[in-house]
Amino acid sequence: AQSVTQLDSHVSVSEGTPVLLRCNYSSSYSPSLFWYVQHPNKGLQLLLKYTSAATLVKGINGFEAEFKKSETSFHLTKPSAHMSDAAEYFCVVSGGVLTGGGNKLTFGTGTQLKVEL
Amino acid sequence: EPEVTQTPSHQVTQMGQEVILRCVPISNHLYFYWYRQILGQKVEFLVSFYNNEISEKSEIFDDQFSVERPDGSNFTLKIRSTKLEDSAMYFCASSATTGTGGNEQFFGPGTRLTVL
């Protein structure tokens, strides 16, 4: 079984300050981990993914995440928030095992990021 | 850049009616998925599809639901007799491969289903 826990349902930051969105995962296998972003009335866009290569993963729009196996964490960070970063962010885990038929994604409950002037 | 498309963007139906949600996955992808997001809740996996058959389904995906790839491009989700609790945003996704390193799923913009 696999699951993710997003520790904050809402995060509010000022523009230009760092962003930290926290995620802990649980997986029986070596997982693949993702962060997706959902802007209002838009679909889900992949920000970045971890698939057992480098533990520090860089994504789009200046975001990055670090896979820490000892802490079972995959927190999302950005050095300087921009107004356009305001959206909902989902931490997602996939089984990471070749099944031959597709791997379902298990989503966290989401973190709503608010960026203030 | 290739993308997943979904139609319609919004569907309103009466309880008990059948609905078909349509998706066009990215053309060279082989794995297809449906997810749903009830308002205010998290995104939930419904079903995955590969090689013209269901490879995995969740508890939500009961006998009222079915999926089909009727031709080389479309992937559909049918709900036979809609219930109020089926109201949700339905997302289609596709991926080129599975397993470590390649199972990035690309999502469509979603179809908002409203059951009255």
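What you see is a predicted model; the values in this text were computed from it and never measured.

Draft legend 1. Spatial organisation of the overall build of chain B. Regarding its fold elements, chain B presents zero helices and 11 strands. Reading the secondary structure of chain B in the N-to-C direction produces β-β-β-β-β-β-β-β-β-β-β. Whereas a compact globule of 116 residues would reach a radius of gyration of roughly 13 Å, chain B reaches 13 Å, a difference of no more than 12%. When the 116 residues of chain B are sorted by exposure, 46% land in the buried category. Entry remark: accessible area of chain B is about 5700 Å², with carbon and sulfur atoms responsible for 46%. Averaged over its 9 positive side-chain charges, chain B has a centre that lies 4 Å from the centre of its 14 negative ones.

Draft legend 2. Representation of the overall build of chain A. For chain A, the count of helices and strands is zero helices and 12 strands. From first element to last, N terminus to C terminus, chain A shows the α and β order β-β-β-β-β-β-β-β-β-β-β-β. For a compact globule of 117 residues, the expected C-alpha radius of gyration is about 13 Å, and chain A comes in at 14 Å, within 12% of that figure. In terms of principal-axis extent, the alpha carbons of chain A reach across some 45 × 30 × 20 Å. Long-range pairs, those at least 24 residues apart, make up 58% of the contacts in chain A with a sequence separation of at least 6. For chain A, the accessible area works out to roughly 5500 Å², and carbon and sulfur atoms hold 52% of it.

Draft legend 3. Quick peek at the state of the cysteines. Residues and elements named next belong to chain A. Inspection of every chain in the model, using the stated rule, returns two disulfides over all chains. Two residues, Cys23 and Cys91, share a disulfide whose sulfurs are 2.0 Å apart. One disulfide, between Cys23 and Cys91, carries an S-S torsion of -65 degrees and so falls in the left-handed class. With a gap of 68 residues between them, Cys23 in strand β4 (residues 23-27) and Cys91 in strand β10 (residues 87-94) connect regions that are remote in the sequence. Assigned by exposure class, Cys23 and Cys91 land together as buried.

Draft legend 4. Spatial organisation of the packing of aromatic side chains. For the structure on display, the rule yields 19 aromatic pairs over all chains. A ring pair is formed by Phe107 of chain A and Tyr35 of chain B, whose centres lie 5.8 Å apart and whose planes are at 70 degrees; its orientation type is edge-to-face. Linking Phe107 of chain A in strand β11 (residues 105-107) with Tyr35 of chain B in strand β4 (residues 31-37), this pair reaches from one chain into another. No difference in accessibility class separates Phe107 of chain A from Tyr35 of chain B, as the two residues are buried.

Draft legend 5. Here's a closer look at the pairing of strand β1 (residues 2-6) of chain A. All names here are of chain A. Side chains of β1 alternate between two faces, with Gln2, Val4 and Gln6 buried and Ser3 and Thr5 left unburied. Summarising the sheet, β1 and β4 pair through five bridges and their orientation is antiparallel. Bridge pairing links Gln2 to Ser27 in β4.

Draft legend 6. Spotlight on the sheet that holds strand β3 (residues 19-24) of chain B. Residue and element names in this part refer to chain B. Taken in spatial order, the four strands of this open sheet run β1-β3-β8-β7, and their pairing is antiparallel. Every other strand in the sheet has two partners, leaving β1 (5-7) and β7 (65-68) as the edge strands with one partner each. Each strand axis lies, on average, 20 degrees off the axis of its neighbour in the sheet, ignoring direction. Taken together, the four bridges between β7 and strand β8 (residues 75-79) define a ladder with antiparallel strand orientation. Each bridged residue has a counterpart across the sheet, and for Ser66 the counterpart in β8 is Lys78.

Draft legend 7. Quick look at the environment of Glu71 of chain A. The residue Glu71 of chain A is located in the loop between β8 (64-68) and β9 (73-78) in this model. For the pair Glu71 of chain A and Asn24 of chain A, spaced 47 residues apart in the sequence, the C-alpha separation amounts to 7.9 Å.

The rules behind each value
Residues numbered from 1 in each chain as written. Chains lettered and ligands numbered in written order. Predicted model: local features only at pLDDT ≥ 70, side-chain atom pairs only at ≥ 80, totals over all residues. Heavy atoms only, no water. Helix = DSSP H or I, 4+ residues; strand = E, 2+ residues; numbered from the N terminus. Rg over C-alpha atoms; globule rule 2.2 N^0.38 Å. Buried < 20%, exposed > 50% of the residue type's maximum accessible area, 1.4 Å probe, protein only. Areas by Shrake-Rupley, 256 points an atom, 1.4 Å probe, with all protein chains shown as cover. Lys, Arg positive; Asp, Glu negative; His and termini not counted. Charge placed at Lys NZ, Arg CZ, Asp CG, Glu CD. Contact = heavy atoms within 4.5 Å. Disulfide = S-S within 2.5 Å. Phe/Tyr/Trp six-rings, centres within 6.5 Å; stacked < 30°, edge-to-face > 60°. Pairing = 2+ DSSP bridges. Axes fitted to C-alpha atoms, helices over the stretch in contact; angles between N-to-C directions.

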